[in-house]
Every structure is written in C-alpha cells, then in structure tokens.
Amino acid sequence: MSLLKVKDLTVTLMTGSGPADAVRRLSFELNHGEILGIAGESGSGKTMTALSILGLLPYKGKTSGSILFDGQEIVGFKAEQFRKIRGKDVAMIFQDPMTSLHPMLTVETQLTEHLRHHRKVSKDAARAKALELLDTVKIPDPASALTAHPSQFSGGMRQRIAIAMALACDPKLLIADEPTTALDVTVQAGILQLLKDLRKRDNLSVIVITHDLGVLSSLADRLLIMYAGAEVESGITSQILTSPKHPYTQGLIEALPDSGGSGKNLIAIEGMPPELGKFPSGCAFHTRCRFAQERCKQDWPTQVHFGSQGRIYCTVNPSAHEKTGQS
Amino acid sequence: MSNSIIEVSNLSVEYTRNGKKIRAVAGVDIQLAPGEILGLVGESGCGKSTLGKTIVGILKGAEGEVLFNGKSVEKIGRGRRDPHFLNLQMIFQDPYGSLNPRRKIGEQIADGPMIAGVSKSDALKKAQSLLERVGLPANAVDRFPHQFSGGQRQRIAIARALAISPTAIIADEPISALDTSSQAAVANLLVNLVEEFNMGMIFISHDLSIVRRISDRVAVMYLGKIVETGKTEDIWNSPSHPYTKALIAAIPHADGQSFVPLDLPGDVPNPAFPPSGCRFHPRCPVAQSQCSSVEPLKVSLKDGREVSCVLQEAGTMPKAITF
C-alpha cells in the first residue's frame, strides 16, 4: 500500500484579488521507500502541494480533494491534528538552511526539540539521539557540533544539520523543497548521496521539489511535472528524461544547456509561465504550446497513459508530438 | 594581447573585516577580446563577483591594474566619470534589486544616453527601440519595474546596460535568479547581442552547463586566484587543474541515469586565512608535499591554456583522478 495517496487535490489561496487555485485537481501516489521528484517553474504549485500535506498553507489556504497519509485523511485536519504529525511523521527541509535553523540556538537545542516534544524523552536520551543523527548526516566531530551555532557551519553542513533535525523523530515522509539550490555544485552531490542513503537505510519516502532536472535525474525514481498548478506529465524518471511525451516537458528538457539547439543558442520555450489567478482556461499550457488546437483552450486536458506508469495530460494526440516535435 | 578591450593584470582586491584584511582577489590576470564571451566560474566565496565589480570600478583594487580600451579603470566616485568608461557596463544577478522601483523603465534606460549628452526625447526613443530589441513592448517605457516578471526585468536591466552602446559588459549571474524557461531565452539574448554589437562579455556564473554552452573561453577561480584559463572546449574535454576536474565532475546531468555526481570533500577555506602554497592543496586528491609550501607557477600548455599547478609544471599530472 502506498504511504501517500493524493486525489483531486485543489489548493485555494486568498490573494489580494480574491481566491485563486494554486494547485488544481492533482493526483499522485508515493510508495514506501520511494523518491518522487516534483518539477516545475516558480508558481507551478509544487511548494503549495507540499505545504498542504504539512498543514502550513499561507494566505488562508484551503484544500479540497483527498490526501491519504498512511491511511489517514489529512484534508480537513485541524491545526492541532497537523501539529501531531508535523515533525514526527512528516518532516520538511527547505532551500535555505540559514533561515530554517534558528541562528541563536545551539545545534543541540534544535535537534532535540522535536524529540522532547513528540516523544517526551529525557534530556540525556535526546542528546544521545542528536549525536547519532549528526553522525548519520556525516557532520565531522558531532560532540563539538552539538554546542555550536548554525553560523559556525558552511552552507552544505547547515543543510546536513537541517536534515538531521528533520530525521529526529524517524519520519515516514521527508519533503525536501529545493534542498540543494542554495548550495555550490561541489557540495550538492554530497547532499544527494545522503538522501539516497537515508532512503535505503530507513526505507524513507521522499518528495523532492526542484526546478533542477539534473538533480532529479540523480535522485528521483519517479517524476511529476507541474505547470500552472496541475500535472502535465508523470512517470519513471529515466523514461521522462529520455523520452518526454508532453510538449511542456519536451520544452523544459530541450531548454537545458546540454541538450538542444545549435552553437551557442539554446531552445527556449516562448512566453512565460502564467501567474497565480491568471491561469489560462482549458489546458493552461495552450498559450505557449506549439501543438495547441482550438479545443485546448476550453477542455481540461485528457489523461493519456504510456506503458505501466507514464501519464500525460494532453488533448492533442501525443503521437503527433513525436512526429513533429523533433526539429 | 594588444586587441583586448579589458586587460586585468596582477589585480588584488582587499576587504577589511573585523580589522583584518581579507584578500578576495589575489593577483588575477585576464583578458577579454571584442566579440568574446569569457565564462568566469568557481564556488561561492571564490571572489568572482568581487573581481567583476572591480573591473567596472565599483570596488577599488589594492594592487595591479584594470585597463579598459587602454585606459586604467578608476573607482567610481562622486565626481563625473571619464565618458570613456560609459562603454563599460555591468548586469547584476537580481533585477529586483538593480532597478529603481519608483522610476519609470524608460527614464532609467534613458539615464545613460542623457549623461552621454543625448537629448531627453532622443534618449527615450532609444529606450523604446532597445526594449523592443530585448523582446519587450515599446510601451514598457511608461511602466514600472513591479509590472514585469523576473525574466522581463532582467531584459530591462540588459536594455539599460545596452543604452550607451557598450563595448564590454560584465554580467554577474545574469540568469541565475530566473525560471528555467526564461533562462534559455535570456541567455540567447545575451549571446545574440554580443555577436550583433561585437561586444566582449565576462559571464560570471556558478552554473557550469550554461557557461560551457555560451562561453568562448573559461577562467576557473578558486579562493581569489585563477587556477586555469583556456578555450571552453579544451577545458571541458581535458581539464588540466584538479579543481577544474572536480567542478566539472560535480555537475548533475538530466540524462535519466540515476548517477550521483562527484562530491568534492571539504569547503572553500576562509579567505582571511588562505592555505599556504597552492590554495587548493587541502582539498586536492593529488597534492604533493611541496604543494603546501610552494605557490604554483602559471604553466602554458600546448593548446594555449594556462594552468597553475605544480603537477603541470613537472609534467606529472595523472590522467585520472579519484576524489
């Protein structure tokens, strides 16, 4: 059975100009020990999807649809119900470890806080667990690291501490929102390897949110590509990256510096992603799609399946993309 | 090189922090030719932005010299600058921070030409045509920065840099803050402008895959020093400095192989206390005993590359390095 089952999730935020759907009719599943990558540009709803699982939506966000986490329906949870699972069963790490760690508190205080709160363990037991966690995330000299403050560590080490903090209560699900975007490429790989090791060791399920397809290629088993709050394509990572089926996914991959184009010129997707509250009707991508037809403007795109796990949302017959898609 | 637009020789830049002098740039030589894109890469904190800012004169060099078309670049002060340097422009990473939120786009672009003596109406006309050139509607002149998206704002910043027909542009992470789909478009715009106006551009970036794609030459910087320079192809095909090798091997590729790239152990050291000898030696897998005491000399390779590594001096660089 899957750990997380999201069905027809819609997240509505209260913006200055009225309610707007940031996530629209999203359905996906995550198995135990699986790493799912959610990719999309800013405003595509990937972070809002994650925050709805944690009950941390901003702008008076409301959810509808269903999120089954470990057999439990989360949609409709009250604040105190979320507090019971957040940090314990579901944990999250963010892009910038300097803002997710408290600058004035020692590493020990921050690492033991969850344990003391959720598990009511003694101070000594919490300290022992904290040392073990620092060792897990490969912080050199864990004993002295405990008494240090976040500012005494480099960016990569801070992200490791943030991961240790997230792991404190042995969560079933870890959500990592742009975990390596703020890091140098030379330390990024270490964090990717760490996440992979944790999945293997603890059978941890991970959702990685990023715009970086290179990172997802290294890390994710399956991908979910989002545009304007909705899924455009999902499937096995290697299949999506080597033979994308949706015109948007094709465009994203072609735009990468080491793929398409000739000479110094890259292949760019014309136009720009729509803003929240201004998502085009029908298939939101129709305004930028080279295959768009009249019906794409009205109809919610059709679900088309490929192989065992591949799926796109596109009204136009996808075999047409392949014939004319490669220029 | 006599045909260089920018010639940086033995440049050092210092900051003072807590009474201690920090050498962010320590003896750098680079040249930029017309029509050339030079990629400047390195980890954060290596001094690449400081170098860029010193080249245009936002910061003052402690030692050495920057020549722009043969004239020494002085730090920008309160007084009026020599009009010679109008043709040397900079684009910054964050177009939210580099545009004035309270002034119309057109006025901000017209500033440069007006300082160069163009009348206001002509300068505004020029602003319109530049906005069209960078792919924005001409009526954008009467609008404000907040009415545009990140990618569009970066185009505005580019239009402003182009307003007085620069011959050289320093672009500091110009596409890093943009969305994936605008990155490719803005990169294309920069490449086309460099060709169209035969400008030189120093493209500062931590994103090696884009640097590989658009740069003619690459300079790799580590802790204030350039460790390797050369033609982009040569550097990618056979990096000759261990640090360059590590940087290239660390790039993840979206090829669907679940391959985790190389992790270079350790962090960039504190520039206030740079390691002795070769600054990379504490992280270098092939460091020799002399690397901690002897500063490596610049060696010229057959293909014209310059690299600072004792193993290249001695000709004993191993073919493959495991990190």
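In what follows, the structure referred to is the one given above.
Within every chain, residues take consecutive numbers counted from 1 along the sequence as written. Chain letters start at A and ligand numbers start at 1, both assigned in the order the entries are written. Under the rules for a predicted model, residues below a pLDDT of 70 receive no local features and side-chain atom pairs below 80 are neither given nor counted, while totals for whole chains, interfaces and linings still include all residues. Heavy atoms throughout the structure, all of them, feed into the side-chain values; hydrogens and water do not.

A. Here's a closer look at the packing of aromatic side chains. All names here are of chain A. Think of it this way: a Phe, Tyr or Trp ring, Trp meaning its six-membered ring, pairs with another when their centres are within 6.5 Å, and the plane angle makes it stacked under 30 degrees, edge-to-face over 60, tilted otherwise. Going through the model one piece at a time under the given rule, you end up with 8 aromatic pairs over all chains. Plain terms: the ring middles of Tyr-248 and Phe-285 are 5.1 Å apart, the flat faces sit at 65 degrees to each other, and that makes the pair edge-to-face. Pair noted here: Tyr-248 is in helix 11 (residues 247-254) and Phe-285 is in the loop between helix 11 and strand 11 (303-306), with a separation of 37 residues, a long-range link. A residue is classified by how much of its surface remains accessible, and Tyr-248, at 0% relative accessible area, is buried. Through successive ring pairs, a cluster of aromatic residues spans Tyr-227, Tyr-248 and Phe-285. Here a helix means four or more residues in a row that DSSP labels H or I, a strand means two or more in a row labelled E, and each is numbered from the N terminus. Throughout, exposure labels follow a simple rule: accessible area from a 1.4 Å probe, protein chains only, divided by the maximum for the residue type, with under 20% read as buried, over 50% as exposed, and the rest as partly exposed.

B. Representation of the layout of surface pockets. All names here are of chain B. The computed volume of the second largest pocket comes to approximately 710 Å³. Any residue with an atom within 4 Å of a point lines the site, the site being either a cavity, points on a 1 Å grid over the protein atoms alone where a 1.4 Å probe fits but cannot get out, or a pocket, an open set with protein on both sides within 12 Å along at least 5 of 7 lines. Ile-76, Leu-86, Gln-89, Gly-112 and Ile-115 are the residues nearest the centre of the second largest pocket, which is lined by 25 residues in total. Going through the elements one at a time, strand 6 (88-91), helix 3 (105-115) and helix 5 (150-162) are the ones with two or more residues in the lining of the second largest pocket. No other element matches the 5 residues that helix 3 contributes to the lining of the second largest pocket. Among the residues forming the lining of the second largest pocket, the class breakdown is 14 nonpolar, 5 polar and 6 charged. Grid points are joined across faces, edges and corners, and a volume is the space filled by probe spheres set on the points. Amino acids outside the nonpolar list (Ala, Val, Leu, Ile, Met, Phe, Trp, Tyr, Cys, Pro) and the charged list (Asp, Glu, Lys, Arg) are all regarded as polar, and Gly is one of them.

C. Region of interest: the state of the cysteines. Criterion for a disulfide: a pair of cysteine sulfur atoms within 2.5 Å. For the structure on display, the rule yields 0 disulfides over all chains. Cys-314 of chain A provides the cysteine sulfur closest to Cys-289 of chain A, a residue in no disulfide bond, and the two sulfurs are 6.1 Å apart.

D. How the structure looks around the interface of chain B and chain A. Between chain B and chain A, the contact holds 39 residues from the first and 43 residues from the second. When chain B packs against chain A, the two sides together hide about 3,300 Å² of surface, and 52% of this comes from carbon and sulfur. For this analysis, a salt bridge means a side-chain nitrogen from Lys or Arg found within 4 Å of a carboxyl oxygen belonging to Asp or Glu. If you look at where chain B meets chain A, you find 1 salt bridge. A salt bridge links Lys-264 of chain A to Asp-216 of chain B; the shortest N-O distance between them is 3.0 Å. Within 3.5 Å is the distance limit for a polar contact, defined as a pair of N or O atoms, with the added protein rule that one can donate a hydrogen and the other accept it, and that residues adjacent in sequence qualify only through two side-chain atoms. On the surface where chain B and chain A come into contact, there are 15 residue pairs in polar contact (both at pLDDT 80 or more). With 8 residues, the single largest contributor to the side of chain B that touches chain A is helix 6 (residues 180-197) of chain B. Contact definition: two residues touch when any of their heavy atoms are within 4.5 Å. The quantity reported as buried area is the accessible area (1.4 Å probe) lost by two parts once they are put together, taken as the sum for both.

E. View of the sheet that holds strand 2 (residues 20-32) of chain B. Residue and element names in this part refer to chain B. Pairing between strands is defined by DSSP: at least two bridges between them are needed. The 4 strands lie next to each other as 2-1-4-5, forming an open sheet whose pairing is antiparallel. Among the strands making up the open sheet, the edge pair consists of strand 2 and strand 5 (71-72). Where strand 1 (residues 6-17) lies against strand 2, 10 bridges are found, and the strand directions are antiparallel. Its bridge partner being in strand 2, Val-13 is matched across the sheet by Val-25. Note on geometry: axes are lines fitted to C-alpha atoms, helical ones only across the stretch in contact, with angles between N-to-C directions running from 0 to 180 degrees. Most of the contacts of helix 1 (residues 48-56) go to strand 1, to which it runs at about 115 degrees, and overall it touches strand 1, strand 2 and strand 4 (63-68).

F. Fine view of the packing of helix 3 of chain B against helix 5 of chain B. Residue and element names in this part refer to chain B. Axis separation between helix 3 and helix 5 bottoms out at 7 Å; the angle between their running directions is 30 degrees. It follows from the interaxial angle that helix 3 and helix 5 lie roughly parallel. Of the residues in helix 5, those touching helix 3 at Ile-105, Gln-108 and Ile-109 are Ile-156, Ala-159 and Arg-160. Across the contact of helix 3 with helix 5, the residue classes break down as 4 nonpolar, 1 polar and 1 charged. Roughly parallel means an angle under 35 degrees; roughly antiparallel means over 145; roughly perpendicular covers 65 to 115; every other angle is labelled oblique.

G. Region of the structure containing empty space enclosed by the protein. Residues and elements named next belong to chain A. Going through the model one piece at a time under the given rule, you end up with 7 cavities of 30 Å³ or more. There is about 110 Å³ of room inside the largest cavity. Considering the residues around the largest cavity, the lining is formed by 14 residues, among which Ala-230, Glu-231, Val-232, Trp-300 and Pro-301 are closest to the centre. At the level of secondary structure, the elements contributing two or more residues to the lining of the largest cavity comprise strand 2 (18-30) and strand 10 (230-236). A breakdown of the residues in the lining of the largest cavity according to their chemical character gives 9 nonpolar, 2 polar and 3 charged.

H. Geometry of helix 9 (residues 242-249) of chain B. Counting buried residues along helix 9 of chain B, 7 of its 8 residues qualify, which places the element largely inside the surrounding structure. Turning to helix 9 of chain B, its buried residues are Pro-242, Tyr-243, Thr-244, Lys-245, Ala-246, Leu-247 and Ile-248 of chain B. Packed against the buried residues of helix 9 of chain B are helix 8 (185-202) of chain A together with strand 3 (37-41), helix 7 (208-214), strand 9 (217-222), strand 10 (225-231) and helix 8 (232-237) of chain B.

I. Structural view of the packing of helix 4 (residues 107-119) of chain A against helix 5 (residues 123-136) of chain A. Residues and elements named next belong to chain A. Their axes nearest at 9 Å, the elements helix 4 and helix 5 cross at an angle of 115 degrees. Classified by the angle between their axes, helix 4 and helix 5 sit roughly perpendicular to one another. Read as a crossing pair, helix 4 and helix 5 show a hand that is right-handed. Contact residues: Val-107, Glu-108, Leu-111, Thr-112, Leu-115 and Arg-116 in helix 4; Lys-123, Ala-126, Arg-127, Lys-129, Ala-130 and Leu-134 in helix 5. Crossing handedness is defined as follows: a turn of the near helix away from the far one that is anticlockwise and smaller than a right angle gives a left-handed crossing, while the clockwise case is right-handed.

J. View of the sheet that holds strand 10 of chain A. Residues and elements named next belong to chain A. Pairing is mixed across the open sheet formed by 8 strands, whose spatial order is 6-7-8-3-9-10-12-11. Each edge of the sheet is formed by a strand with only one pairing partner; in this case those strands are strand 6 (90-93) and strand 11. Here the average twist between neighbouring strands, direction ignored, is 20 degrees. Examined bridge by bridge, strand 9 (residues 222-227) and strand 10 share 6 bridges and lie antiparallel to one another. When the bridges of strand 10 are listed, Arg-222 appears paired with Ile-236. Relative to the sheet, helix 7 (residues 155-167) contacts strand 6 and strand 7 (173-177), its axis offset from that of strand 6 by approximately 170 degrees.

Just geometry here; none of it tells us what the structure is for.
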